[in-house]
Amino acid sequence: MGAGSWVANQKGPRVALADADVRSLPLASPSDEARGHLITSVSWRFSLPDASRHRVLARLCHPVRCVPIRDERGLTEALAGLDADVPLAFHFRLVAVGPAVQTEGLQVIVNYR
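Residues numbered from 1 in each chain as written. Predicted model: local features only at pLDDT ≥ 70, side-chain atom pairs only at ≥ 80, totals over all residues. Heavy atoms only, no water.

How do you make sense of the sheet that holds strand β5 (residues 56–61) when you look at a structure like this?
Pairing in this open sheet of four strands is antiparallel, and the strands run β3-β8-β5-β6 from one edge to the other. Two strands in the sheet have a free side with no partner beyond their single neighbour: β3 (22–23) and β6 (66–69). Bridge count for β3 against strand β8 (residues 89–94) is two bridges, and the pairing is antiparallel. Note on β8: the bridge partner recorded for Val22 is Phe92. (Pairing = 2+ DSSP bridges. Helix = DSSP H or I, 4+ residues; strand = E, 2+ residues; numbered from the N terminus.)

Written as structure tokens, this is what we have:
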């Protein structure tokens, strides 16, 4: 089995709660090519308004495990070994009660083997 990757993009959700996660729409492989493969790494990207950068907590989630993410872009191997053909999702929440924040430009690149 060879290596490969898939890319998915979604609009970002509006984050208005500090006591519950707001999930993005699923970010899924556009084809069945990843079926039977395992994740090696995942790159992510999203954006927040400048004034809101320290007001939002974010996690990148596979149905089996979530990874806290501290930056608006990065790479993780924390999901390595999990099925590469299932959708991922971002989970966001406010650090404290306050004005809602609109996330934008959600993207994942899933590398698999």
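So that's the structure; there's more coming.
Is there a simple way to explain the state of the cysteines in this structure?
As used here, a disulfide is simply a covalent bond connecting the sulfur atoms of two cysteines. Across all of its chains, the model carries one disulfide by this definition. The residue that forms a disulfide with Cys61 is Cys66, at a sulfur-sulfur distance of 2.0 Å. What sets the handedness of the Cys61 and Cys66 disulfide is the S-S torsion sign, and at about 115 degrees it is right-handed. Residue Cys61 is classed as buried on the basis of its relative accessible area, which comes to 5%. (Disulfide = S-S within 2.5 Å. Buried < 20%, exposed > 50% of the residue type's maximum accessible area, 1.4 Å probe, protein only.)

Where do I start with the side chain of Glu72 in this structure?
The topology assignment puts Glu72 in the loop between β6 and β7 (73–76). Dropping the residues within four chain positions of it, Glu72 is found in contact with Trp44, Arg45, Phe46, Ser47, Leu48 and Arg53. (Contact = heavy atoms within 4.5 Å.)

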